[in-house]
Amino acid sequence: MERKLRIGITVRYCELQDEECFDIFRVNSRVQTVFAKIAEMHGVTLIPIMWAEDMSDVCGLCDGLIITGSDIDVDPSYFDSKLPFSSEDFDEYHYNQKIITHFVDAGKPILGICSGLQELNIYFGGDVIQDMEGHYVTRHDVRFEPYTWFSDVYGPVVNTNSYHHQCVGKPAPVLRVAASSEDGVIEAMDYPGRDIIGFQWHPEVDQPELRDKVFGKFFSVCRQRRDK
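First things first, this report covers the structure right here in the doc.

Conventions we followed
Residues numbered from 1 in each chain as written. Predicted model: local features only at pLDDT ≥ 70, side-chain atom pairs only at ≥ 80, totals over all residues. Heavy atoms only, no water. Buried < 20%, exposed > 50% of the residue type's maximum accessible area, 1.4 Å probe, protein only. Helix = DSSP H or I, 4+ residues; strand = E, 2+ residues; numbered from the N terminus. Pairing = 2+ DSSP bridges. Right-handed = clockwise from strand over helix to strand, strands pointing away. Arc of directions from axis to C-beta. Contact = heavy atoms within 4.5 Å. Phe/Tyr/Trp six-rings, centres within 6.5 Å; stacked < 30°, edge-to-face > 60°. Lys NZ or Arg CZ within 6 Å of the ring centre and 35° of its normal.

**Considerations on helix α5 (residues 115-123)**
- Counting buried positions over the nine residues of α5 gives eight, a clear majority of the element.
- Within the sequence span of α5, burial applies to S115, G116, L117, Q118, E119, L120, N121 and I122.
- Just downstream of α5, G125 is the residue with a positive phi angle, here 110 degrees.

**Remarks on the pairing of strand β6 (residues 110-113)**
- Burial along β6 is two-sided: the face carrying I110 and G112 and the face carrying L111 and I113 are both buried.
- Of the strand pairs in this sheet, strand β5 (residues 64-67) and β6 are connected by three bridges, and their pairing is parallel. Paired with I66 across the two strands is L111, which belongs to β6.
- A crossover links β5 with its parallel partner β6, the connecting element being helix α4 (residues 92-105), and its sense is right-handed.

**Topic: helix α2 (residues 33-42)**
- Within α2 the residues assigned to the buried category are V34, F35, I38 and A39. The arc enclosing the buried residues of α2, seen along the axis, measures out at 140 degrees, which places them on a common side. Turned more than 90 degrees off the buried face of α2, the exposed positions are T33, K37, E40 and M41.
- If you follow the buried residues of α2, they end up packed against β1 (5-10), β4 (44-49), β5, β6 and α6 (208-227).
- Two residues or fewer after α2 comes G43, characterised by a positive phi angle close to 70 degrees.

**Examining the packing of aromatic side chains**
- Counted by the stated rule, this structure contains 17 aromatic pairs.
- Measuring from centroid to centroid gives 4.1 Å for Y13 and F90, while their planes differ by 25 degrees, and the two rings are stacked. Separated by 77 residues along the polypeptide, Y13 in strand β2 (residues 12-15) and F90 in the loop between β5 and α4 bring together distant segments of the chain.
- Note on Y13: relative accessible area 16%, which makes it buried.
- Classification of F90 by relative accessible area gives partly exposed; the value is 31%.
- Note on F218 and F219: the rings are 6.1 Å apart at their centroids and 55 degrees apart in plane angle, and the pair reads as tilted. Residues F218 and F219 agree in their burial class; the two are buried.
- Within the aromatic cluster, the residues linked to one another by ring pairs are F144, W149, F150, Y154, F199 and W201.
- A cation sits over an aromatic face here: R194 above Y191, 5.5 Å from the ring centre.

Structural data, given as structure tokens:
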């Protein structure tokens, strides 16, 4: 019997506001339940990754990685060395860059969503625009470039959700712009020759038929990579 596909997924952190909550319980990790539904639909096992100091064993268990969206911005010191670290939020990227390194070194597929795309861009040498308008809690059209990872999933134009106040600024040298909105914001990127992709929107909560095609293709390439 074929082993079920195993996909690592990053957890994201949130702070509870309950005044009676003990401090030790105030910061919690979470994975959106929608990913469990997607995994169940495709017969995939999800493995939440909560710590990254020594992730080689966990990476060895997984056939691919999903970097989920987050409410926490990456501290700008990670992409501008002239700036001191200044964030008061939990430093998720401190761990996520280590997780990314393990999966990149292992040649395993990676899918980044919203801030996950931004983290991939920063990891590979790009940066982000730290604050922008017009893309938070709205919908807009995205136009795709031909001959990218996404070419057989989307047509030339698709309408997507939008929940972000930051976006890719300077693209990383190894990443290719695969889609943009009408105002020029980069909406999707891929790494030519490797199954590393990122969306600026949230395909996990968008149009069901497109969601299923996107995750179906990602899981398919993870399975192909596993079975080589």
